[in-house]
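Given next are the chains, with one letter for each unit.
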Amino acid sequence: MNALAATNRNFKLAARLLGLDSKLQKSLLIPFREIKVECTIPKDDGTLASFVGFRVQHDNARGPMKGGIRYHPEVDPDEVNALAQLMTWKTAVANIPYGGAKGGIGCNPGDLSISELERLTRVFTQKIHDLVGVHTDVPAPDMGTNPQTMAWILDEYSKFHGYSPAVVTGKPTDLGGSLGRDAATGRGVLFATEALLKEYGKSIAGQRIVVQGFGNVGSWAAQLLSEQGGKIVAVSDITGAIKNSSGIDIPSLLNHVKESRGIKGFSGGDSIDPSSILVEDCDILIPAALGGVINRDNAKDIKAKFIIEAANHPTDPEADEILSKKGVVVLPDIYANSGGVTVSYFEWVQNIQGFMWEEDKVNAELKTYMTKGFKDVKEMCKTHNCDLRMGAFSLGVNRVARATLLRGWEA
Ligand SMILES: NC(=O)C1=CN([C@@H]2O[C@H](COP(=O)(O)OP(=O)(O)OC[C@H]3O[C@@H](n4cnc5c(N)ncnc54)[C@H](O)[C@@H]3O)[C@@H](O)[C@H]2O)C=CC1
Ligand SMILES: O=C(O)CCC(=O)C(=O)O
């Protein structure tokens, strides 16, 4: 199922649970603004290359719109729309004072040199600079982008509007980035997993864990979970997949990935077919790469008891039904990966205050937000007798609906 159709479907199920009227539903679903821009850059060899960039600003009832920018060949309008909408519900689940947005450029960052990436990022920023801002829409990293990308956006934006560190989050710390933001999504996944396992009288120690994706989110999640005694038994990325039933040595794998730019060739495990990663035998499965990877074709073969959605919309609604019948517990993206945007919020707050926090304070505050988020989701599950995905969706949608009604529609 297409990402937008899947996200709309989950929204509508939650809206029905909440008894929202159809006019309010329509208002919540239609994006505030959709931006599509053409970005042409000279390549290093002097030829021209054109790319299409998007920024979808979904909703601002609860505050400035917030969300990452993705560089990936599969970026398209429906995908960005779905991701922007998910941000609206995610910031509401986390209870941070933001709405939702997402951006992206259809490109393969691996095919571009650093200077080509810089030119592309600057051209994209030139095209959208008057529609983003500290109190309107605050971008951040997502797949294929990183703190350096945010530094270029900050620099380009500042040429038009004056120095504005709070216009992006996930920046390098030398430019006002928050300590702890780099690890935040993975650390949030750790706290979310701990909160879920506690419900079942379990802890992370000894759990056999499989991680798909070993970029920012997957690598930090694997590292932090293994530090708590979790056994990472299989990992994959775009270059390949490996398995080791005794547990992969994550610090060694991190060194290998730094040197070789991918998992391929790592000697601390057996190489396996990347397409089998999601159905490997394990207790906990963590998709931390692309959307739609758990679908009706593979859901019946999944062996994990728990799925922690570190990626955005990794599970198709059809798969959700199959997994639920099998008794697999799915911790949904809009809660499970909210650690990233939560620490982005802390970064924005620090930039506005002009005061930097110690990393221990960032991590402790993140734990407080993730623990409270889990409690709030569970309460909605109890109230509406629903699963964790609908608990999270109904929590997020209800908070945005309340803000929308309070603000009203008078012209
Ligand atoms: N960076 C952040 O703070 C946040 C990211 N997310 C989500 O987490 C996911 C991962 O994002 P990042 O780690 O930031 O991206 P990244 O670009 O740092 O890493 C992506 C990883 O996925 C791997 N990958 C790509 N295609 C793959 C495939 N077909 N099979 C296996 N692995 C594949 C890449 O090789 C890389 O290891 C995305 O869904 C993103 O939207 C969610 C919340 C916050
Ligand atoms: O840190 C942020 O502002 C957004 C991160 C993001 O794009 C996401 O949570 O999917």
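As recorded in an unreviewed UniProt entry, the chain goes by the name Glutamate dehydrogenase, listed as coming from Fraxinus pennsylvanica. Taken verbatim from the UniProt record of the chain, the Sequence similarities (unreviewed entry) comment is "Belongs to the Glu/Leu/Phe/Val dehydrogenases family."

Draft legend 1. Up close: the site of ligand 2. Around ligand 2 sit 14 residues in total, of which Lys66, Gly68, Lys90, Lys102 and Ser344 are the nearest. Residue lysine 102 places a side-chain N or O atom 2.7 Å away from an oxygen atom belonging to ligand 2. Contact distances for ligand 2 include 2.6 Å between an oxygen atom and a side-chain N or O atom of serine 344. For ligand 2, whose accessible area on its own is 290 Å², the fraction buried by protein is 95%.

Draft legend 2. Quick look at the UniProt feature "active site" (unreviewed entry) in the chain. According to UniProt, the "active site" (unreviewed entry) feature falls on Lys102. Along the chain, lysine 102 falls in strand β4 (residues 100-106). Residue lysine 102 is classed as buried on the basis of its relative accessible area, which comes to 2%. Ignoring sequence-local partners within four residues, the contact set of lysine 102 consists of Phe54, Arg55, Val56, Gly67, Gly68, Val80, Leu83, Ala84, Met87, Asp142 and Asn312.

Draft legend 3. Main features of the sheet that holds strand β12 (residues 329-331). Spatially, the seven strands line up as an open sheet ordered β9-β8-β7-β6-β10-β11-β12, and their pairing is mixed. For this open sheet the edge positions go to β9 (270-272) and β12, each flanked by a neighbour on one side alone. Recorded for the sheet is a direction-independent mean angle of 20 degrees between the axes of neighbouring strands. Inspection of the sheet shows strand β10 (residues 284-287) paired to strand β11 (residues 306-308) by two bridges, in the parallel sense. Bridging from a neighbouring strand, leucine 285 pairs with isoleucine 307 of β11.

Analysis parameters
Residues numbered from 1 in each chain as written. Chains lettered and ligands numbered in written order. Predicted model: local features only at pLDDT ≥ 70, side-chain atom pairs only at ≥ 80, totals over all residues. Heavy atoms only, no water. UniProt positions renumbered as here; feature names shortened; annotations may be inferred. Near = heavy atom within 4 Å. Polar contact = N/O pair within 3.5 Å; in protein donor to acceptor, adjacent residues only side chain to side chain. Areas by Shrake-Rupley, 256 points an atom, 1.4 Å probe, with all protein chains shown as cover. Helix = DSSP H or I, 4+ residues; strand = E, 2+ residues; numbered from the N terminus. Buried < 20%, exposed > 50% of the residue type's maximum accessible area, 1.4 Å probe, protein only. Contact = heavy atoms within 4.5 Å. Pairing = 2+ DSSP bridges. Axes fitted to C-alpha atoms, helices over the stretch in contact; angles between N-to-C directions.

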